[in-house]
Amino acid sequence: MQPASLGLPHKKNGTNIQSIQIMRGIASLLVVLLHISVKGGQYDNGALKGFSIGGAGVDLFFIISGYIMCVSSADRYLNSYQFILLRIKRIIPLYWLTTTIALVIYLYNPQLINTSGGETSIWASYALFPNGKRFLNSNGWTLSYEFFFYLLFAFFINKGTYKAMQASSIILLILVVTGLCFNYNGLLFNFSTNILYLEFVFGMGCFYLFDKKRARLDPKYGITLCILGCLVLVLELFFELPDQEKGRGFFWGIPMLSIFIGLLSLEDLIQRSTSVVRNLFLEIGDSSYSLYLVHPFVLSGAAMCLKRLKMAANPYLFTVFLLTFSVAIGHLVYLYVERPLTSLVKRNSVNFLARRSG
């Protein structure tokens with residue numbers, strides 16, 4: 001690592017950091033591609049067969065979360081209640097909306113929800129409680145890990161961002177090491193000691209290094225890190241390493257950390273770029289949360305349409321149609337549902353607090 005004139009815009013949220021938005025877009029697309037491969041298996045057409053590393057998109061999301069929680073709270077006084085309330089207002093409204101839509105479908109025909117199998121729990125879906133059953137919105141399981149991290153970070157936030165970061169990192173590392181050392185099969189034990197928490201620590205560590213100017217990368221080294229991370233993921237896919245899921249904090253987390261640091265170091269170049277590809281990924285990044293939550297519904301509907309049209313057998317058409325349709329619908333949901341819903345929740349909460357203080 002070499003000193004450089006790179007200055008990262010540590011604003012109050014990740015939408016000001018274009019490299020972060022691009023990574024959100026990449027992460028959401030990887031997850032969509034993973035689920036297209038699952039659909040390809042269900043429709044027996046071989047679409048994206050074996051594309052297991054699409055799951056690494058979740059690992060990238062967790063690294064981003066660790067970083068952004070520090071960015072959004074730095075140089076800003078927040079108590080635990082305020083911090084958690086901000087996360088609830090940002091995450092829960094759209095999630096509950098999609099969960100309710102899934103509930104209606106589930107009550108009409110349970111077979112249409114979680115078509116890959118497993119028992120569905122309605123109450124756990126809304127509470128994000130990890131009880132070992134499937135959520136109505138199958139992607140909700142990642143939010144359980146997110147909120148575990150949020151609660152831990154919030155517990156220390158009144159002491160400042162750096163204290164919260166340090167304490168959270170230590171506790172999460174202790175939990176992960178405990179999970180690695182003890183082979184106990186308890187549900188909550190496995191959840192609270194999951195190796196995935198290592199990735200939140202990666203994100204917080206990156207914030208510390210970049211914010212304190214302890215590390216800066218020349219862009220050429222950033223590009224090298226991105227290529228290296230991608231190469232490792234491709235090799236893992238090619239050689240089909242055993243127990244990738246169990247060790248994903250290492251197998252997928254470390255390559256994604258390499259990509260994360262690499263792209264973060266390219267922030268200045270990205271800011272100056274006007275390329276179509278950069279603008280497209282920024283748009284997908286903006287709508288990544290909507291895309292992440294709605295694409296399971298879109299994939300199911302689009303696949304059924306192709307089957308009715310007798311066009312589901314072609315794996316290339318199947319992949320392109322499902323991916324394009326998912327991205328388009330995700331962006332529309334972002335524009336016409338997520339943004340208005342988030343604004344409404346924020347406005348009503350401000351009015352409620354104003355009435356209480358009055």
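In case you missed it, the structure is sitting above this.
Residues numbered from 1 in each chain as written. Predicted model: local features only at pLDDT ≥ 70, side-chain atom pairs only at ≥ 80, totals over all residues. Heavy atoms only, no water.

Chemist: What's the story with the overall build of the chain in this structure? I'm lost.
Modeler: Check the secondary structure of the chain and you find 15 helices and zero strands. Computed over the C-alpha atoms, the radius of gyration of the chain is 20 Å, within 12% of the 21 Å expected from 2.2 N^0.38 for a compact globule of 358 residues. The C-alpha extent of the chain, read off along each of the three principal axes, is 55 × 55 × 50 Å. Contacts spanning at least 24 positions in sequence make up 74% of the contacts within the chain whose residues lie at least 6 apart. In the structure as shown, the chain presents an accessible area of about 17800 Å², 65% of it carried by carbon and sulfur atoms. Taken as two groups, the 30 positive and 17 negative side-chain charges of the chain have centres that lie 9 Å from each other. (Helix = DSSP H or I, 4+ residues; strand = E, 2+ residues; numbered from the N terminus. Rg over C-alpha atoms; globule rule 2.2 N^0.38 Å. Contact = heavy atoms within 4.5 Å. Areas by Shrake-Rupley, 256 points an atom, 1.4 Å probe, with all protein chains shown as cover. Lys, Arg positive; Asp, Glu negative; His and termini not counted. Charge placed at Lys NZ, Arg CZ, Asp CG, Glu CD.)

Chemist: What is the right way to read the packing of aromatic side chains from this model?
Modeler: Centre-to-centre distance and the angle between the planes together describe a pair of aromatic rings. If you walk through the whole model with that rule in mind, you get 26 aromatic pairs. Here the aromatic rings of Phe 148 and Tyr 197 are separated by 4.9 Å at their centres, their planes lie at 40 degrees, and the arrangement is tilted. Residue Phe 148 is found in helix H5 (residues 141–156), and its partner Tyr 197 is found in helix H8 (residues 197–211); the two are separated by 49 residues along the sequence. The class of Phe 148 is partly exposed, set by a relative accessible area of 26%. Given the relative accessible area of 0%, Tyr 197 is considered buried. Between the aromatic rings of Phe 238 and Phe 239, the centroid separation amounts to 5.0 Å while the plane-to-plane angle is 90 degrees, which identifies the pairing as edge-to-face. Under the relative-accessibility criterion, Phe 238 is labelled exposed at 64%. Through successive ring pairs, a cluster of aromatic residues spans Phe 62, Phe 83, Trp 141, Tyr 145, Phe 147, Phe 148, Phe 149, Tyr 150, Phe 153, Phe 191, Tyr 197 and Phe 200. (Phe/Tyr/Trp six-rings, centres within 6.5 Å; stacked < 30°, edge-to-face > 60°. Buried < 20%, exposed > 50% of the residue type's maximum accessible area, 1.4 Å probe, protein only.)

Chemist: Explain the side chain of Asn 194 here, please?
Modeler: Locating Asn 194 in the fold gives a position in the loop between helix H7 (187–192) and H8. Within the local environment of Asn 194, its side chain forms a polar contact with the side chain of Tyr 145, the two groups lying 3.2 Å apart. Leave out the neighbours within four places in its chain, and Asn 194 touches Tyr 145 and Val 176. (Polar contact = N/O pair within 3.5 Å; in protein donor to acceptor, adjacent residues only side chain to side chain.)

Chemist: I keep staring at the pattern of salt bridges and nothing clicks. Help me out?
Modeler: As a working rule, side chains carrying opposite charge can pair if their charged atoms are close by. Overall, the coordinates contain three salt bridges when judged by the stated rule. A salt bridge links Asp 59 to Arg 248; the nearest nitrogen and oxygen atoms lie 2.8 Å apart. Taken together, the positions of Asp 59 in helix H2 (residues 56–73) and Arg 248 in helix H10 (residues 248–251) put the pair 189 residues apart, joining distant regions of the chain. The shortest N-O distance in the salt bridge between Lys 133 and Glu 119 comes to 3.3 Å. Linking Lys 133 in the loop between helix H4 (122–127) and H5 with Glu 119 in the loop between helix H3 (80–108) and H4, this pair joins segments that are 14 residues apart in sequence. Relative accessible area serves as the criterion here: at 53%, Glu 119 is assigned to the exposed category. (Salt bridge = Lys/Arg side-chain N within 4 Å of Asp/Glu carboxyl O.)

Chemist: Mind showing me how you'd approach the packing of H5 against H8 here?
Modeler: In a pair of packed helices, the angle between the axes and the distance between the axes together describe the arrangement. At a minimum axis distance of 10 Å, the contact between H5 and H8 shows a crossing angle of 55 degrees. On the basis of their axis angle, the class for H5 and H8 is oblique. As H5 packs across H8, the resulting crossing turns out to be right-handed. In this structure, H5 contributes Tyr 145, Glu 146, Phe 148, Phe 149 and Phe 153 to the contact, and H8 contributes Tyr 197, Phe 200 and Met 204. Grouping the constituent residues of the contact of H5 with H8 by class yields seven nonpolar, no polar and one charged. (Axes fitted to C-alpha atoms, helices over the stretch in contact; angles between N-to-C directions. Parallel < 35°, antiparallel > 145°, perpendicular 65-115°, else oblique. Left-handed = near helix turned anticlockwise from the far one by under 90°. Nonpolar A, V, L, I, M, F, W, Y, C, P; charged D, E, K, R; others polar.)

Chemist: In this structure, what is going on with the packing of H3 against H5? I would like to understand it.
Modeler: Where H3 contacts H5, the two axes come as close as 9 Å, and the packing angle between them is 165 degrees. By the angle class used here, H3 and H5 are roughly antiparallel. Classified by chirality, the crossing of H5 by H3 is right-handed. In this structure, H3 uses Ser 80, Phe 83, Ile 84, Arg 87, Ile 88, Ile 91, Ile 92 and Tyr 95 to contact H5, whose residues at the interface are Leu 143, Phe 147, Tyr 150, Leu 151, Phe 153, Ala 154 and Phe 155. Of the residues assigned to the contact of H3 with H5, the class counts are 13 nonpolar, one polar and one charged.

Treat this as a map of the structure, not an account of what it does.
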